[in-house]
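# Fold and contact review
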Amino acid sequence: MSQTIALRLRTLTLLLLAVAGVLLAGAAPASAHAALTGSDPQQGVVVDKAPSQVSLTFSEQVAMSDDSLRVLDPKGNRVDTGKPANVSGTTYAVRLHSGLPDGTYTVAYQVVSADSHPVGGAYTFSIGAPSKTSATVGDQTVGGGIVGALYGVGRYVSYAGFIVLAGGAAFVLACWQRGSGVRAVQRLVVSGWVALTAATLALLLLRGSYTTSGKIGDVFDLTLLGQVLQTKSGAALVSRLLLLAAAALFVAVLFGEYQKRADDEKRDLTFGLAIGGTVVAVGLAASWAMAEHASTGLQPGIAMPVDVVHLLAVAAWLGGLAALLVALYRAPAETPIEPAAVRRFSRLAFGSVLVLVATGTYQSWRQVGSWSALTDTRYGQLLLIKIALVLLMVGIAATSRRWTGRLAETATTKVSAKARAKVAAAAGRKSGTDATTEAGADSKTGPGKGGAGKAGAGKAAGRAEAGKAGAGGKDAAKGKTGGKAQPGGKAAKGEAARRAAQLARQQAAVDTARQKRLRDADPHRFGLRRSVLMEAGVAVVLLVVTTVLTQTEPGRTETEAKAATSSSSSPSSSSAAGAVTLDMPFDTGGKDGKGVVRIDIDPARVGGNELHIFALGTDGRLRDVAELKISFTLATKNIGPLPVTPEHVTTGHWVASGVQIPMAGDWKVEATVRTSDIDQVSVTKNAQIG
């Protein structure tokens, strides 16, 4: 039975790792947690004379390096000068060379948001008139590639390591103190410490390349490492490493001095370890809270402590679950986990779930902000998946609680049966003693006294004769060997001793295996093991979703950024030259079918006009579509539709020159977008032209 269970455990583990790998592989690169909400010059605009600087406005504060903001001419040469500067609030600018010629210029930016995630993008504007451009800015989707994948894996491993380390130690101290002497539990907690330490070191090395070039060769660049150490994220990672040194001392005491003490001598040390472990765990959790979502945005002073409590509750639940799973499957037969310990963990897990519900509700409101963001943004959709997984775990946990109750009832029944057996055995021994006493009295006073004495004398004489015979035999043996023992006698005795020790070990192994079989045969324990294993499997997937969630732009930020961008580009904010900008969301219904078509009409007057059409994805970045067509209709005069076929210039950017608008009026502008061979939609919006 044990081999079958082990095989199932390995199969399920491989399956869960495969699911985790698919989710991590399918996850998009780290999304921008700061969004570009405005620019000057604006995206796609044509200006009459060359600007003196280019400025970008973000939804929150960002960190910039010397190359964070670049401006390239049509030939791909840089025309910016000096370092980017924070001119006001969340607006950053870089100065340009004077006397720039006409043509299309490319603005590329790559910064780090306040919550430590890289943000990148590019757009174009033109001076005088649009032109062909050979400028290339590479892949501005920062946080991707090999370095991005490694960074994502490192984040997952660090979360898992913290959960196993903190939750496993809490399980030992609060639920099963005898578990400090179980080798399997020791290995679990130590592996959590090793995983968290290794992942933190890896994240520290990868951080520089992750937020800049994305090249694997820059991982060991000491200059980049020095820059990382001066950032908030670098300080958080270094603080985590220092706290892990204290955690190593905690683990050494927990599985060293603590497990050697008797149960009645552990009380004071348990209290000390609980206080010290809590301080270290809070510090480790704060190293995430101080550098990620909680540290920026709405109510950071409340959000960071709430995030710390949330992480600790996750560790107590999922880490304790991992320790319970190991105890149920790997604890030796002589040290099985008691039903009382399982009940204590059940209460601890229930309390952790209540804390998770409270803190999670606040975090969801803070990061999402509206029902539409919950369903229309990637962050909200991932959050719904996470909630569903948590509910599934709670359902499985309820099953585990029922198995725990049955196991406790079985244990109580067995204890009562043993107590009754002991009472019956004691009564039997007492009856036997009374009978023996009475028989002895009869032998002293009964008529058979003399016969009994003679029989005893005869037995004594027999023993004496036997002793003499034995002595004679020994003397004969001595005479045969000249009074000395054979050397082979000692070897024979040593071989007999070794054989006896081997037989004893074999017997002990047989007894242990028998005890384990009897333990595993308990249907209640088997049911508990199976439900806990299922719960742990869901927890693995939940942790993957949580890791991806922390790398995704919060729904509130995405919604506010879209609103700000739409407001800045609405017709009411048209330029002095009379240009009109229209934003038309579309959804073709297919894969990657959602986005926004942005149409710039310049100068939006009767006669010749120039159109710049941009296709943006749901993340606000430029994207290509299979086909894009524009038409104009003036229904009040029965004019149109007037078709326009724009020319594709670069990724997500089309241009149409000399578009004739015959008369002024409220024109209906229609954009037809095709994202695949069969997925197509037309969207319209009115614009006052002339």
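Residues numbered from 1 in each chain as written. Predicted model: local features only at pLDDT ≥ 70, side-chain atom pairs only at ≥ 80, totals over all residues. Heavy atoms only, no water.

### Notes on the overall build of the chain
Counting its secondary structure elements, the chain contains 15 helices and 18 strands. When the 690 residues of the chain are sorted by exposure, 44% land in the buried category. Carbon and sulfur atoms form 61% of the exposed surface of the chain, whose accessible area is close to 34500 Å². (Helix = DSSP H or I, 4+ residues; strand = E, 2+ residues; numbered from the N terminus. Buried < 20%, exposed > 50% of the residue type's maximum accessible area, 1.4 Å probe, protein only. Areas by Shrake-Rupley, 256 points an atom, 1.4 Å probe, with all protein chains shown as cover.)

### As for a positive patch on the surface
Residues R343, R344, R347 and R401 make up a contiguous surface patch of positive charge. Per-element accounting of the positive patch gives the leading share, three residues, to helix α9 (residues 339-368). Structurally, R344 can be placed in helix α9. (Patch = residues over 30% accessible without salt bridge, like charges linked within 9 Å, V, L, I, M, F, W, Y side chains within 5 Å. Salt bridge = Lys/Arg side-chain N within 4 Å of Asp/Glu carboxyl O. Lys, Arg positive; Asp, Glu negative; His and termini not counted. Charge placed at Lys NZ, Arg CZ, Asp CG, Glu CD.)

### A word on the confidence of the model for the chain
Segments scoring low in pLDDT should not have their predicted coordinates read at a detailed level. Taken residue by residue, the chain gives an average pLDDT of 78. The fraction at 70 or more is 76%. Note that pLDDT drops below 50 for residues 411-419; the model gives that stretch two contacts with residues more than four away or on any other chain. Across residues 567-577 the pLDDT falls below 50, and counting only partners more than four positions away or on other chains, this stretch makes 17 contacts in the model. (pLDDT = per-residue confidence, 0-100. Contact = heavy atoms within 4.5 Å.)

### What about helix α2 (residues 145-174)?
Here α2 spans 43 Å end to end across 30 residues, near enough to the 44 Å set by a 1.5 Å rise per residue. By the criterion of burial, α2 is predominantly enclosed, with 21 of the 30 residues buried. (Expected span 1.5 Å × (residues − 1).)

### A look at the sheet that holds strand β10 (residues 580-587)
What holds strands together in a sheet is hydrogen bonding between their backbones, with the strands either parallel or antiparallel. Read across the sheet, five strands follow the order β10-β11-β12-β16-β15 without closing on themselves; strand pairing throughout is antiparallel. Only two strands of the sheet have a single partner each, and these edge strands are β10 and β15 (647-650). Adjacent strand axes in the sheet meet at a mean angle of 25 degrees, parallel and antiparallel pairs treated alike. With three bridges connecting them, β15 and strand β16 (residues 653-661) associate as antiparallel partners. If you follow H648 over to β16, its bridge partner there is W654. (Pairing = 2+ DSSP bridges. Axes fitted to C-alpha atoms, helices over the stretch in contact; angles between N-to-C directions.)

### Section: the nonpolar core
By size, the foremost hydrophobic cluster in this structure holds 72 residues, and its most contacted members are F162, W176, L254 and I337. For this core, the secondary-structure elements that each account for two or more residues are α2, α3 (183-211), α5 (232-254), α7 (267-289), α8 (300-330), α9, α11 (378-445) and α14 (523-550). By residue number, the principal contributor to this core is α8, which donates 16 residues. Every residue in contact with F162, bar those within four places of it in the chain, is listed here: G167, L196, A281, L284, A285, W288, L311, L312 and A315. Grouped together as the second largest cluster of nonpolar side chains are 29 residues, V597, A615, L628 and V673 included. (Core = buried A, V, L, I, M, F, W, Y, C linked by side-chain atoms within 4.5 Å.)

### Description of the packing of aromatic side chains
Evaluated as defined, the whole model comprises eight aromatic pairs. Geometrically, the ring pair formed by Y159 and W288 is stacked, given 5.2 Å between the ring centres and 15 degrees between the ring planes. Here the residue Y159 occupies a position in helix α2, and W288 occupies one in helix α7, the gap between them amounting to 129 residues. The pair Y159 / W288 is uniform in exposure class, with both members buried. (Phe/Tyr/Trp six-rings, centres within 6.5 Å; stacked < 30°, edge-to-face > 60°.)

### Description of the side chain of T588
With respect to the secondary-structure elements, T588 resides in the loop between β10 and β11 (594-602). Side chain to side chain, T588 and T675 meet in a polar contact 2.8 Å long. Aside from chain neighbours lying at most four places away, what touches T588 is G593, V673, T675, D679, Q680 and V681. (Polar contact = N/O pair within 3.5 Å; in protein donor to acceptor, adjacent residues only side chain to side chain.)

### A word on the sheet that holds strand β17 (residues 665-674)
Here four strands make up an open sheet; going across it, the order is β14-β13-β17-β18 and the pairing antiparallel. The two strands at the open ends of the sheet, each matched to only one other strand, are β14 (639-644) and β18 (680-689). The sheet shows a mean angle of 20 degrees between the axes of neighbouring strands, taken without regard to direction. Judged from the four bridges that link them, strand β13 (residues 627-634) and β14 form a sheet pairing that is antiparallel. Counterpart to S631 in the pairing with β14 is P643.

### Remarks on α7
Residues that lie three or four places apart on an α-helix share one face, since the helix turns once every 3.6 residues. Under the 1.5 Å per step criterion, the end-to-end length of α7 is 33 Å for 23 residues, consistent within 8% with the ideal 33 Å. Listed in full, the buried residues belonging to α7 are L269, T270, L273, G277, V280, A281, G283, L284, A285, S287, W288 and A289. Against the buried residues of α7 lie α2, α3, α5, α6 (257-260) and α8.

### Re the packing of α5 against α7
At a minimum axis separation of 9 Å, α5 and α7 run at an interaxial angle of 160 degrees. Our classification of the angle between α5 and α7 gives roughly antiparallel. Judged by the twist between their axes, the crossing of α5 over α7 is left-handed. Side by side, α5 and α7 meet where A236, R240, L243, L244, A246, A247, F250, V253 and L254 of the first sit next to L269, L273, G277, V280, G283, L284, S287 and W288 of the second. For the contact of α5 with α7, the class distribution of residues is 13 nonpolar, three polar and one charged. (Parallel < 35°, antiparallel > 145°, perpendicular 65-115°, else oblique. Left-handed = near helix turned anticlockwise from the far one by under 90°. Nonpolar A, V, L, I, M, F, W, Y, C, P; charged D, E, K, R; others polar.)

### Let's talk about the packing of α3 against helix α4 (residues 222-229)
Interhelical geometry of α3 versus α4 gives an angle of 100 degrees and a closest axis separation of 8 Å. As far as their axial angle goes, α4 and α3 are roughly perpendicular. Residue-level contacts link L204, R207, G208 and S209 of α3 to L224, L225, V228 and L229 of α4. Grouping the amino acids of the contact of α3 with α4 by side-chain chemistry returns five nonpolar, two polar and one charged.

### Some thoughts on the pattern of salt bridges
Applying the stated criterion across every chain, the model contains eight salt bridges. D80 serves as the salt-bridge partner of R78, at 2.7 Å between the closest nitrogen and oxygen. For R78, a relative accessible area of 37% corresponds to the partly exposed category. E647 is the salt-bridge partner of K132, the closest N and O atoms lying 3.0 Å from each other. With K132 in the loop between β9 (118-127) and α2 and E647 in strand β15, this pair connects stretches of sequence that are 515 residues apart.

### What about the pairing of strand β6 (residues 80-88)?
Two strands pair when backbone bridges link them, and β6 and strand β7 (residues 91-96) are joined in this way by five bridges, in the antiparallel orientation. Bridge pairing in β7 places A85 opposite A93. Once β6 ends, the chain turns through two residues before running back antiparallel as β7, passing G89 with a positive phi of about 55 degrees.

### Side note on unusual backbone geometry
Following D40, the chain continues to P41 via a peptide bond in cis, the omega torsion being 0 degrees. Tracing the chain through its elements places P41 in the loop between β1 (36-40) and β2 (46-47). Of note, the phi angle at N638 is positive, near 55 degrees, even though the residue is not glycine. Relative to the assigned elements, N638 resides in the loop between β13 and β14.

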